[in-house]
Structures are given as C-alpha cells and as structure tokens.
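The primary structure of each chain is shown beneath.
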Amino acid sequence: MSSIIQLLPDHVANQIAAGEVVQRPASVVKELLENAIDAKATDIKLIVKDAGKTLIQVIDNGIGMSVTDARLCFERHATSKIRHAEDLFDLHTKGFRGEALASIAAIAHVELKTKQDQEELGHHIIIEGSKFVSQEVAVLPKGTSFLVKNLFFNIPARRNFLKSETVEMKHIMDEFQRVALAHPSIYFTLIHNGSENYNLPSSNYRQRIVNILGGRTNEKLVPVSEDTEIVTISGFVGKPEYAKKSRSEQFFFVNDRFIKSGYLHHAIMSAYDGLLKEGNQPSYFLYLKVPPHTIDINIHPTKTEIKFDDEQALYAILRSSVKHSLGQFNVAPVLDFERDPNLDTPYAYKDKSSDVPLIQVDANFNPFLDEKPVKNNSNSYASSGNYAKKETAHSWESLYVDLRQDTKEVESLSFESEEVTGSFFESKEVEITPSRTYQIHKKYIVSSIKSGMLVIDQNKAHQRVLYEQFLSNITLKKASSQQLLFPLELHFTNEEMFLIQELIPSLENTGFIFDGIQKNSIHISGIPVSIQESEVSILLEELINGLQNNVPESNFCLNDGIAKTMAKSVAVKTGTYLTELEQENLVNALFACKDPNVSPFNKPTFITLSVEDLDKKFAL
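Just so it is clear, the model here is predicted, and its values are computed rather than measured.

Caption draft 1: Quick peek at the overall build of the chain. A count of helical and extended segments in the chain gives 17 helices and 22 strands. Buried residues in the chain amount to 43% of all 620 residues. Partitioning the contacts of the chain with sequence separation of at least 6, the portion at a separation of at least 24 is 68%. Put simply, the chain shows about 38,200 Å² of open surface, and 52% of that area lies on carbon and sulfur atoms.

Have a look at this one:
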C-alpha cells in the first residue's frame, strides 16, 4: 500500500496558521503594534481604511531591521525574541512565536519599509500571498512601516465572514486602547478613513486613561497601590457611583500585557461587595508586575490568557488592595478603631484628688408664688407704646342684649332638605359595571374572558407595545418630541461616540433632537414623549452597551436593536402600581399589536387559564 501522508507546502501551512493568529483585521493591528513596541519605538502611528479591510498601516520610529532580518521575518517560526525553550518562562517582549508576520503575509498584500539608524539606505519589500514580488533599496526614515492591504484576498470565505465596518472598527479600537493603556510613555495616533480618532501624547498612566476615555474620567478614578513579594499592583479603580452596565472599562495588565481573567475579575467584584447596584460593573485599570517565571503566557495564540503559579494569593492581595483603596479615599465606609488622643486622660492627673463642685442654691426661690401686678400709669402708655387694658372686658352675652328673642319667625322658615328627592330625568337604576382587570402583586394583570381568564405580565406586555411603536416611528414616520427647558449635556468616550454617530439618524426618528455633537459630548434639546428626562442617560447607556456586545450587521437590525433596547428601558417595571384605566389601556394596546403573544425578546406576555383548568385544580 502506498504512503498517503505528505508534507504540506509552506504557503498552505501559513494559511492554516493564519486561521488561528489572524481572525479579523483587529488581529493584524494587535500583532503589528506589539512588534513596534518590541522594536523600542517611541512614536507609533496606526492608519486604517474601511475598518482594516482595505488598508492597515503601522509606522514606528523603532530600531528597524537589516536586509537579512527583513527577509527572514516573514518565515514561519523566525523570531528575535527567544533563543531557547527556557526563554518561554522569562519573556520580556510581546511576541515570541514567530508566526504573526508569516500568517499575515500568507493572506494579504504586504509592503515592508525599514531602515536602521546607522544605515544610509533602507529596504522596501513587497509580498503577496507568501510570494516575494520585489525587494529594493530605498531612501527611508529611521524605523519600520508595515502596510497590509486586501486582507483575506485569497480566502474569499474568510473575507465574506467579516462583519460590518462598524463592528470591525470597534474591535480595532479595542485593541488600540489596550496597547495604548499598557504603554503611556509611547506617543500613539489612530487615523481612520482620513480622520484622526486618537492623538495620545506621551504621559503618565492617569493622563493616558483620561486622554482615551475623556476628561470626565479623572474625577471617577481612585488610585490603587500595593507592593508585595508576589505581585506589585498599581493603577486605578472607579468610584461605585460611576459604575456602568457594560464591562467596557475593565482592564488587567500583567507585565504590560493585556489579559482577560474571570478569576481576578471576581476578586474585584468581591471588593465592591455591597457598594454597587445589581447588574452594574465597576471600572478598573490595574497594572500587575510579577516575576516572569511565575506565569505561563504560551496558552492561546492571542496571548490574552495567563496561568499564574499562586492564583489564590494573588486573588487575596488584589481584593484587599482594592478594598483598602476604596476605604482610604472615603469611597467605602470603614471602621476606625484608633483612639482620639485628645480624649485620653493625661497620666499626670492620676494622683490628683477630685474636687467636689460648689453648688449655689437660692433658698427663697419659689416658682409657685403669684406674680406681683404691674403698675402702669397713663404716661407710660404713650411713651412705651404698650397699650394695656384698663377695664375687664364685658361678657359675650352682653352683645345680644338688645336683640329680639323672636323664635316664631325662625320656626316659620323653610329650608331645603339635604336629600334631593326631585330629578330632571326619569329615574333609572344605574348598572355598575365591575372592573374587568385586576392587578396582582404589582406585577400581573388578570382579565376575565369567556373561556376563563388571562394573566398578563405587565412589563413584558408593555415592552411589546412600545417596541412596535418605536419600530414604526423609526422605519415609517418620525415621532413627536417634547422640548426640554434646559438641554441635556451627556459625556461619552471616543469609542462610545463612534457608536452614537451610527445611532443618531435612528434616534432622531424616535423623537430625540440633538443640538450639538462634540468630540466627547452631545447636547440633547428634545426627547420622545414616552421617555422621562431622568431616563435619557440610562437609556443611551443601555443602548451603547447592547451595541458594544452585539453590533448589528444591517440597518434593519440596527433599528430593531434600538427599538428593543428603548422598549426594555422605558417599559413599566415590575412593582409599579397601575390604575384600572391604565390596566385596561395596556390590555387593549397589547391585543392591538401585530404579535401580542411574545415580548420583543421572545418571552410570553400572557397565559390563559380556562375554566376546566381551574376545575381540575379544585378537584384535587
């Protein structure tokens, strides 16, 4: 039998490896930015077009590469970061596998321009799908420029699975933020489709956080600092009152590398125990320094998962340091058992004898003695203005002395009786119709029908009613607005403003009126009629949170997501008392909907209990 196992060609192997390393344009951005940092660059510029589908370019002023290194860097498992297997447990660089550039070159058109400082000329290399097209000498500035065009040009299936420009650009901004937050000393710039999204000069950690998330972030931050033999912790956590529904402002950095850890996140949440509302997430930007030999990074190609030698000790230290910071800056209540020295008795007083206090008593004082009458003369009235009565007032009966005591006239008068017996209309018995609906536990509405009764969930039913109203306003007609006496000014991060720009046309159809849109804030002068002014910021936060987790692909999906989020936020909550009229209006509006059976999130809005079902219950 002939042999059937054979070695794959290099370009096929590279395409297979690219499936793990390069998942989307954001993966290319991450690898190129980390390479620039490993090259000791102090100024890094990221240029993106069409969310990375057309162009991704990273320009740095690092040490550059020689002509040999420039050719060799595109080979698989070629790297300058490690030499031996033991180096995997003493990593001080971002990359170490030597797979990224080979994988990128296998699925895109790549141009590399690089020059070392001591060289007079640089080198320009062009690669298309792992094939070298050209290599020539060029006049270049110091540093390296990687230009990646037409990503997945030779794998159409992967290119078709890319999301919309909004989705892919959001992932690119996420990766850019993570790298920029980990290295505040480096000057970062992000340009998308010709417009500058981020311009982050060299600064400290706090200023870098403020530059990325907006100026209002500074007042939210509480510093954290702890130095132990196991780990050195620094960074900031957010005050509990600024907690959000989303987890977009939660960052862990271990040795300047962004990681994701549900275990460490639980330590932060336990430190905030009792300080957050249900469902809210705190913000934190924590930088952990640990010995490189105590962690294992080589677990996942994205390098965002790390194994620690002593996770339990790290959990306890992290939890206590965050809790200590919240208490130290009077964010959380703290019990202080230290005595106030001002209340202590001096030791010199221990030999002194106590003196009996002297009490003076007036023996002639009697509170029950009558007060002496005050003698007033006529002259004192005019001088002091005190007009006291000189004579005792007459009895009130003297006012009626001269009136006639004629009772007959009073008895002859007739008065209208309290009960009206006459009527302008014919008397008919008015039939009082009992209420058709009843509210139970401020959660369910019960309504009778011929076959039995309906039990309606008031929250889910109202969601269905509002969902169809909002969706109709967005797609068919523009809803009416209520003008605000004082416009609202809401502040957001750059990433949130990027999403709001996509939402504004649909939000305007629902009734929002935007007066001005700044870099990190928006001004709202009108809101939909069904929304309270106090609910606007909560509504937009939930809307942004929903879009960050699952950005829609098409315009219809975007409008549908907006309508669902607004309906969920505005709908009457469980525990709200409804009058009989409000109950009837809600029931009537529900069954006027196109699909009254389920809520916008496919939850049943009501159940039916027939008379037979009730009979079976009583027959048991």
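That shown, we press on.
Caption draft 2: Quick peek at the sheet that holds strand E22 (residues 606–610). Ordered by their spatial adjacency, four strands build an open sheet running E16-E17-E18-E22, and the pairing between neighbours is antiparallel. Taken across any chain shown, the strands that pair with only one partner, and hence form the sheet edges, are strand E16 (437–440) and E22. When strand polarity is set aside, the average angle formed by the axes of neighbouring strands in this sheet is 25 degrees. Across four bridges, the pairing between E16 and strand E17 (residues 444–449) is antiparallel. Bridged to Gln439 within E17 is Ile445. Where helix H17 (residues 611–619) meets the sheet, it contacts strand E18 (452–457) and E22, and its direction lies at approximately 65 degrees from that of E22.

Caption draft 3: Representation of the sheet that holds strand E21 (residues 521–528). Reading across the sheet, the three strands line up as E19-E21-E20 and stay open at both edges, with antiparallel pairing between neighbours. Each edge of the sheet is formed by a strand with only one pairing partner; in this case those strands are strand E19 (481–491) and strand E20 (513–517). Taken pair by pair, the neighbouring strands of this sheet meet at an average axis angle of 15 degrees, ignoring direction. Pairing of E20 with E21, which is carried by four bridges, proceeds in the antiparallel orientation. Within E21, the residue paired with Gly516 across the bridge is His523. The sheet strands contacting helix H13 (residues 494–510) are E20 and E21, and the helix crosses E20 at an angle near 150 degrees.

Caption draft 4: Focus on the side chain of Ser27. Relative to the helices and strands, Ser27 is located in helix H2 (residues 25–38). A relative accessible area of 14% places Ser27 in the buried class. Here Ser27 is in contact with Val21 and Val22, once residues within four sequence places are set aside.

Caption draft 5: Looking closely at the pairing of strand E11 (residues 250–254). Most of E11 sits out of view: five of its five residues are buried. With burial as the criterion, each face of E11 is covered, one bearing Gln250, Phe252 and Val254 and the other bearing Phe251 and Phe253. Where E11 meets strand E13 (residues 284–289), five bridges bridge the pair, whose relative direction is parallel. By the bridge assignment, Phe253 is partnered in E13 with Tyr287. Direction of pairing for E11 relative to strand E12 (residues 257–259): antiparallel, over a ladder of three bridges. When the sheet's bridge partners are listed, Phe253 is paired in E12 with Phe258.

Caption draft 6: Inspection of empty space enclosed by the protein at higher detail. Here the structure, examined in full by the defined rule, presents four cavities of 30 Å³ or more. Approximately 60 Å³ is the volume attributed to the second largest cavity. Tallied by class, the residues present in the lining of the second largest cavity amount to four nonpolar, three polar and two charged.

Caption draft 7: Main features of the pattern of salt bridges. Counting across every chain of the model gives 12 salt bridges. Between Lys460 and Asp457 there is a salt bridge; the shortest N-O distance is 3.4 Å. The structure contains a network of salt bridges with shared partners spanning Lys244, Glu249 and Glu496.

Caption draft 8: Summary view of the packing of aromatic side chains. All told, the structure shown has 13 aromatic pairs when counted by the stated rule. Judged by centre distance (6.1 Å) and plane angle (5 degrees), the ring pair of Phe251 and Phe253 falls under stacked. Among the aromatic residues, those joined into a ring-pair cluster are Tyr205, Phe251, Phe253, Phe258, Phe285 and Tyr287. In this structure, Lys568 is placed above the aromatic ring of Phe601, and the distance from its NZ or CZ to the ring centre is 5.6 Å.

Caption draft 9: Just the nonpolar core, in detail. Core analysis: the biggest nonpolar cluster contains 61 residues, and Leu32, Ile44, Leu46, Phe74, Val148 and Phe188 have the highest contact counts within it. Filtering out sequence-adjacent residues up to four positions away, Leu32 remains in contact with Ile56, Val58, Leu101, Ile104, Phe146 and Val148. Membership of the second largest hydrophobic core comes to 33 residues, among which are Leu499, Ile522, Ile562 and Ala571.

Caption draft 10: The arrangement of a nonpolar patch on the surface in detail. Together, Leu121, Val137 and Val139 make up a nonpolar patch on the protein surface, roughly 300 Å² of accessible area in all. Counting through the fold element by element, Leu121 comes out in the loop between strand E3 (109–115) and strand E4 (122–128).

Caption draft 11: Looking closely at H2. Given a rise of 1.5 Å per residue, 14 residues ought to cover 20 Å, and the 20 Å separating the end C-alpha atoms of H2 matches this to within 8%. With 13 of 14 residues buried, H2 is to be regarded as a mostly interior element. Directly after H2, the chain includes Lys40, whose backbone phi takes a positive value near 60 degrees.

Caption draft 12: Unusual backbone geometry, seen in detail. The phi torsion at Asp50 lies on the positive side, around 55 degrees, for a residue other than glycine. Tracing the chain through its elements places Asp50 in the loop between strand E1 (43–49) and strand E2 (55–60). Non-glycine residue Asp256 carries a positive phi angle of around 65 degrees. Note that Asp256 resides in the loop between E11 and E12.

Caption draft 13: How the structure looks around the packing of helix H8 (residues 262–271) against helix H9 (residues 311–328). Where H8 meets H9, the closest approach of the two axes is 8 Å, and the angle between their N-to-C directions is 35 degrees. For the element pair H8 and H9, the recorded crossing hand is right-handed. Touching Tyr263, Leu264, His266, Ala267, Ile268, Ser270 and Ala271 of H8 are Glu311, Gln312, Leu314, Tyr315, Leu318, Arg319, Val322, Lys323 and Leu326, all from H9. The residue inventory of the contact of H8 with H9, partitioned by class, reads 10 nonpolar, three polar and three charged.

Caption draft 14: Representation of the pairing of strand E10 (residues 232–238) within the structure. Counting buried positions along E10 gives five out of seven residues, so the element sits mostly inside the fold. Examined bridge by bridge, strand E9 (residues 221–227) and E10 share seven bridges and lie antiparallel to one another. Looking across to E10, one finds that Val224 is bridged to Gly235. Turn length for the E9-E10 hairpin, with the two strands adjacent in sequence and antiparallel, is four residues. Sheet topology note: the E10/E13 ladder contains six bridges and is antiparallel. If you follow Val237 over to E13, its bridge partner there is Tyr284.

Caption draft 15: Representation of helix H12 (residues 458–475) in the model. If you check H12, its first and last C-alpha atoms are 26 Å apart, about what 18 residues at 1.5 Å a residue would give, namely 26 Å. The buried count for H12 comes to 13 of 18 residues, which makes it a mostly enclosed element. Put simply, Asp457 is the residue that caps the front of H12, since its side-chain oxygen is 3.1 Å from the backbone nitrogen of Asn459.

Conventions adopted
- Every chain is numbered on its own, with residues counted from 1 as its sequence reads.
- With pLDDT at 70 or above as the cut-off, local features in this predicted model cover only qualifying residues; side-chain atom pairs require 80 or more to be listed or tallied, and sums for whole chains, interfaces and linings still use all residues.
- To get the side-chain values, take all heavy atoms of the structure and skip hydrogens and water.
- Where helices and strands are cited, they refer to DSSP runs of H or I of at least four residues and of E of at least two residues respectively, numbered from the N terminus.
- Only protein chains enter the accessibility calculation, which uses a 1.4 Å probe; a residue whose area is less than 20% of its type maximum is buried, one above 50% is exposed, and one in between is partly exposed.
- Any pair of residues with heavy atoms lying within 4.5 Å of one another is described as a contacting pair.
- Only the protein chains shown count as cover for residues, with accessible areas throughout obtained via the Shrake-Rupley method and a probe of 1.4 Å.
- A strand pair is defined by DSSP finding two or more bridges across the two strands.
- To get an axis, a line is fitted to the C-alpha atoms, and for a helix only the part in contact is used. The angle between two axes follows their N-to-C directions and goes from 0 to 180 degrees.
- A cavity here means a set of points on a 1 Å grid, drawn over the protein atoms and nothing else, where a 1.4 Å probe fits but cannot get out; a pocket is an open set with protein on both sides within 12 Å along at least five of seven lines, and a residue lines either one if it has an atom within 4 Å of a point.
- Grid points are joined across faces, edges and corners, and a volume is the space filled by probe spheres set on the points.
- Three classes are used: nonpolar for Ala, Val, Leu, Ile, Met, Phe, Trp, Tyr, Cys and Pro, charged for Asp, Glu, Lys and Arg, and polar for all others, with Gly counted as polar.
- Here a salt bridge means any side-chain nitrogen of Lys or Arg lying within 4 Å of a carboxyl oxygen belonging to Asp or Glu.
- Any two of the Phe, Tyr and Trp rings considered here, Trp counted by its six-membered ring, make a pair once their centres fall within 6.5 Å; the pair's planes then place it as stacked at under 30 degrees, edge-to-face at over 60, or tilted in between.
- Placement of a positive charge over a ring is assigned whenever Lys NZ or Arg CZ falls within 6 Å of the ring centre and within 35 degrees of the normal to the ring plane.
- Put simply, buried Ala, Val, Leu, Ile, Met, Phe, Trp, Tyr and Cys residues joined by side-chain atoms within 4.5 Å make one nonpolar core.
- Patches in this entry comprise residues that are over 30% relatively accessible and not in a salt bridge; like charges within 9 Å are linked, as are nonpolar side chains (Val, Leu, Ile, Met, Phe, Trp, Tyr) within 5 Å.
- The span one expects for a helix is its residue count, reduced by one, times 1.5 Å.
- Rotating anticlockwise by less than a right angle from the far helix to the near helix defines a left-handed crossing, while the corresponding clockwise rotation defines a right-handed one.
- Under this definition, polar contacts are N or O atom pairs within 3.5 Å; protein pairs additionally need one hydrogen-donor-capable and one acceptor-capable atom, and for neighbouring residues in sequence, both atoms have to be side-chain atoms.

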